[in-house]
Amino acid sequence: MGKPKPASDPKTPAKKCVLVVEDEPDIIMLIHRSLNLKKIKVLEAVSGTAALEMLETSRPDLILLDVMMPDIDGFEVCRRIKQHPVHRDTPVVFLTVRNNSVDIERGRTVGAAGYFTKPFDPFQLGEDIERFLESTPNH
């Protein structure tokens, strides 16, 4: 009988991690479920300030960010992330109800790698995020 493989086996890919920045508990729950189905680890922040604080100790592979937040809006959070030396290459994807062309362009301007709109299909979101993570080089 062979020895069990250690958890840190280099042949086993590391679990991807997404920081979800969202202030609506029902939306957080939907996102959490859709990403868990894809075996993606989820970190949660309920405000822009909380997200920026979390990034002082965490290195997510992707940040899923709402625009309309209770303190700092998502555009400003993204701008600050893109100025941070450790996180500037971390992809930021917006998930928001703001779906007009001005907001979508503003998202691109502040450095977002993607822009999804609410309402969303949780299963499709999981697929899209998984595909996004697979196509993004490790940072």
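Above this text is the structure in question.
All values reported here derive from a predicted model rather than from experimental measurement.

K.L.:
Would you explain helix α3 (residues 74–83) in this entry?
P.N.:
One turn of the α-helix equals 3.6 residues, which is why residues spaced by three or four share an orientation. Taken together, the buried positions of α3 are Gly-74, Phe-75, Val-77, Cys-78 and Ile-81. Projected down its long axis, α3 shows its buried positions confined to an angular sector of 160°, all on one face. Next to the buried residues of α3 lie α2 (48–54), β3 (62–65), β4 (92–96), α4 (101–109) and β5 (114–117). You can read the cap of α3 off the contacts: a side-chain oxygen lies 3.0 Å from the backbone nitrogen of Phe-75, and it is on Asp-73.

K.L.:
Got a minute to help me understand the pattern of salt bridges in this structure?
P.N.:
As a working rule, side chains carrying opposite charge can pair if their charged atoms are close by. Within the structure shown, the criterion is met by 9 salt bridges. Close ionic contact of Asp-66 with Lys-118 constitutes a salt bridge, the shortest N to O distance being 3.3 Å. You can see Asp-66 sitting in the loop between β3 and α3 and its partner Lys-118 sitting in the loop between β5 and α5 (122–135), a full 52 residues away along the chain. Its relative accessible area of 4% is what places Asp-66 among the buried residues. Residue Glu-105 pairs with Arg-108 through a salt bridge whose shortest N-O separation is 3.3 Å. Here the residue Glu-105 and the residue Arg-108 both occupy positions in helix α4, the gap between them amounting to 3 residues, near one helical turn. Taking relative accessible area as the criterion, Glu-105 reaches 42% and is therefore assigned partly exposed. The network of salt bridges with shared partners includes Glu-22, Asp-66 and Lys-118.

Each value, and the rule that gives it
- Residues numbered from 1 in each chain as written.
- Predicted model: local features only at pLDDT ≥ 70, side-chain atom pairs only at ≥ 80, totals over all residues.
- Heavy atoms only, no water.
- Buried < 20%, exposed > 50% of the residue type's maximum accessible area, 1.4 Å probe, protein only.
- Helix = DSSP H or I, 4+ residues; strand = E, 2+ residues; numbered from the N terminus.
- Arc of directions from axis to C-beta.
- Contact = heavy atoms within 4.5 Å.
- Polar contact = N/O pair within 3.5 Å; in protein donor to acceptor, adjacent residues only side chain to side chain.
- Salt bridge = Lys/Arg side-chain N within 4 Å of Asp/Glu carboxyl O.

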